[in-house]
Amino acid sequence: MTATPSQNSRLWHPARGITFSPGSGLAASVARNPPTAVELSAHVRQYHNVATSQPTGTRGEEVWTATVAQQTIPPSLASQGLAGHTGKAVKVEVEVEVEAAADVESDIKVEGSDRKPTDHPPPPVLEYRMVDDMFYAAKRSPPGSPESYWSYTQYRRTAEDGSSDRVKVHYCCSTHTMERVCKEYFMNEKVLGFDLEWMTDARIRDGLRSNVSLIQLASPGRIGLFHVALFPKKDDMVGPSFRSLMEDPNVTKLGVAIGGDTTRLRRYLDIDSRGLMELSHLYRVVKYSRTGEYHNINKKLVPLATQIEEYLHLPLYKGQDVRLSNWYRRLDMDQVTYAASDAYAGLQLYATLEHHRQQMDPCPHHPYHAELKIPIPVLGETRIAVGDVEESSDLPADEDGTEPSEMHLTVAGESDHIETSLIPKQKPAPTKLTVKSPERPQDSRVEVAEDRASSYRASHPEMRATFVQLRSYYLWHVYDLPPVIIAQLLRNPPLQTKTVVQHILSAVESEKMPTDRDRLREVADNITRSTLSARWPEIAAIVAIRE
């Protein structure tokens, strides 16, 4: 026998027709049910095994694609009673109760207004696209969990036969294999993601393998990890194909703080990289052209993680445990995922930023390649032709080593001609770029230190040390220079030696930078014991100085 439903819960009403229960709605109903098969698969995928194969029969290369390790269930899912499932479909029946039609429309509008653009997958620009189910699974995952981060493993391409292609990773441990992979898979690409990894405590004298430990390249469907630190000593460190790619100005290489990475290639591999696109420049053009905040369009670096979360809508993992790990030994899966995702993120980010830029009206000008050292063109009221300005490569640097933020070319979209109709009736002040030539060229050691400081700042958005402190630290740590010489390199007339000492101590104290204890003690001897203990207590403990 069944009870007669109450008037409030009946589906049919004699006067109003179909009526609906004032229940908690779809969201609450779904929340009470266990994850679907798609959700389970997305969670388990983060704990995948690696399938290795050598389809060409060559040694020194592994081609990896992510596969679901059905026997492994994350602890977060095991706690939900899913430990017994091994990748099988989980059938979930959801009873949906909705409110009256007028109320439903009202609720949908309210819910839609609360959703942010970052709640949805990024626009599908390239042939390899973010899988919607994986994106939403990451969004639902607890913040900071492995499943919540952006990864190259979330991208797929639908083939002509309907199958799904994953992004392949080629892990190469010899120059021969690197040359074959570059020649076969990357030579026809016009845009490539690029990145480097190196030992965090590497000094100039430590040589190539510590300073250029791993090279990463990324195309839409493939990622190359070239583990230079493991290349046999008898090999040439890079083949002609990679060198050709890096030196070709018609092949755009993408990255954040890319100038610092290519400085290492020039120093240790004699590669003069060209066609470099600093993603921070394009990010600032897209972000601030939309809001009209043109004063923020400058060459200051923006961390890759910040750009990815804003435009690809998921956080990028930048954990210190992996980033500071040992890149001198064979990579483990965490390192592979980290390194591959870094290079692939730059490629997908560039495509997405370009998509947004081209949607604007007027369309802002594309930044120039970074090695040209040309100011970023900015839309503005005063419009001049690009060819009317003779650009100098010796622009004075800001504190962060970039060109001054106020030094911009202003152009009318893609036009190279003066638009007189937009010039005010009153006589405008002449447009000039007044550049004061430096008294002497910048020492190459300062350039390298500034690149390292910029790279560190880009990967540590919450750092406490200033750029100038890091610059002094790298000159001292990498080149073994005493503070008095650093003071002379940084300025003419020289800085006070005490100022350089304070910069070094502040960088070491606040960022826990690696140091040699004896050399640190020599620097600390320039400071009184009471001041050292008060301002830099950890350093005082390191050098065993007590009041």
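Check the entry above for the structure.
Residues numbered from 1 in each chain as written. Predicted model: local features only at pLDDT ≥ 70, side-chain atom pairs only at ≥ 80, totals over all residues. Heavy atoms only, no water.

Brief notes about helix H13 (residues 333–359)
With 27 residues, H13 should reach 39 Å at 1.5 Å per residue; the first-to-last C-alpha distance of 38 Å fits that figure. Counted residue by residue, H13 has 20 buried out of 27 residues, so it is predominantly covered. The backbone nitrogen of Asp334 has a side-chain oxygen 3.2 Å away, supplied by the residue at the start of H13, namely Asp332. (Helix = DSSP H or I, 4+ residues; strand = E, 2+ residues; numbered from the N terminus. Expected span 1.5 Å × (residues − 1). Buried < 20%, exposed > 50% of the residue type's maximum accessible area, 1.4 Å probe, protein only. Polar contact = N/O pair within 3.5 Å; in protein donor to acceptor, adjacent residues only side chain to side chain.)

Section: the pattern of salt bridges
Tallied over the entire structure, the rule returns 11 salt bridges. The network of salt bridges with shared partners includes Arg203, Arg205, Asp480 and Arg519. (Salt bridge = Lys/Arg side-chain N within 4 Å of Asp/Glu carboxyl O.)

Quick look at the packing of helix H10 (residues 279–291) against H13
At a minimum axis separation of 10 Å, H10 and H13 run at an interaxial angle of 30 degrees. The angle between H10 and H13 places the two elements in the roughly parallel class. For H10 against H13, the interelement crossing comes out left-handed. Of the residues in H13, those touching H10 at Leu279, Leu282, Tyr283, Val286 and Arg290 are Gly346, Leu349, Tyr350, Leu353, Glu354, His356 and Arg357. Classifying every residue of the contact of H10 with H13 gives 7 nonpolar, 2 polar and 3 charged. (Axes fitted to C-alpha atoms, helices over the stretch in contact; angles between N-to-C directions. Parallel < 35°, antiparallel > 145°, perpendicular 65-115°, else oblique. Left-handed = near helix turned anticlockwise from the far one by under 90°. Contact = heavy atoms within 4.5 Å. Nonpolar A, V, L, I, M, F, W, Y, C, P; charged D, E, K, R; others polar.)

Points about the layout of surface pockets
Considering only enclosed or pocket space, the second largest pocket measures out at about 730 Å³ in volume. Along the wall of the second largest pocket there are 39 residues; nearest its centre are Trp198, Arg323, Ser455, Ser459 and His460. Sorting the residues of the lining of the second largest pocket by element identifies strand S9 (191–197), strand S12 (252–255), helix H9 (258–269), helix H11 (304–311), helix H12 (320–323), H13, helix H14 (444–459) and helix H17 (497–511) as the ones contributing at least two each. Top element by residues in the lining of the second largest pocket is H14. It accounts for 5 residues. Of the residues that constitute the lining of the second largest pocket, the class distribution is 21 nonpolar, 8 polar and 10 charged. (1 Å grid on protein atoms, 1.4 Å probe; cavity = no way out; pocket = protein on both sides within 12 Å on 5 of 7 lines; lining within 4 Å. Points joined across faces, edges and corners; volume = space filled by probe spheres on them.)

What about the sheet that holds strand S7 (residues 164–166)?
Judged by pairing direction, the sheet is antiparallel, and its 3 strands sit side by side in the order S5-S6-S7 without closing on themselves. Taken across any chain shown, the strands that pair with only one partner, and hence form the sheet edges, are strand S5 (129–130) and S7. Bridge analysis of strand S6 (residues 155–158) against S7 gives 3 bridges, and the strand direction is antiparallel. Residue Arg157 lies in a different strand from S7, and its bridge partner there is Asp165. (Pairing = 2+ DSSP bridges.)

Considerations on the packing of helix H6 (residues 175–186) against helix H8 (residues 240–247)
Packed helices, taken two at a time, are described by the angle their axes make and the gap between the axes. H8 packs onto H6 with a crossing angle of 50 degrees between their chain directions and a minimal axis gap of 7 Å. For the element pair H6 / H8, the angle class is oblique. Facing Met178, Glu179, Cys182, Lys183 and Phe186 of H6, the residues of H8 in contact are Pro240, Ser241, Phe242 and Leu245. Split into classes, the residues belonging to the contact of H6 with H8 amount to 6 nonpolar, 1 polar and 2 charged.

Structural notes on the environment of Ala370
Topologically, Ala370 is positioned in the loop between H13 and strand S14 (377–378). Between the C-alpha atoms of Ala370 and Leu279, which are 91 residues apart in sequence, the distance is 9.6 Å. Filtering out sequence-adjacent residues up to four positions away, Ala370 remains in contact with Leu276 and Glu278.

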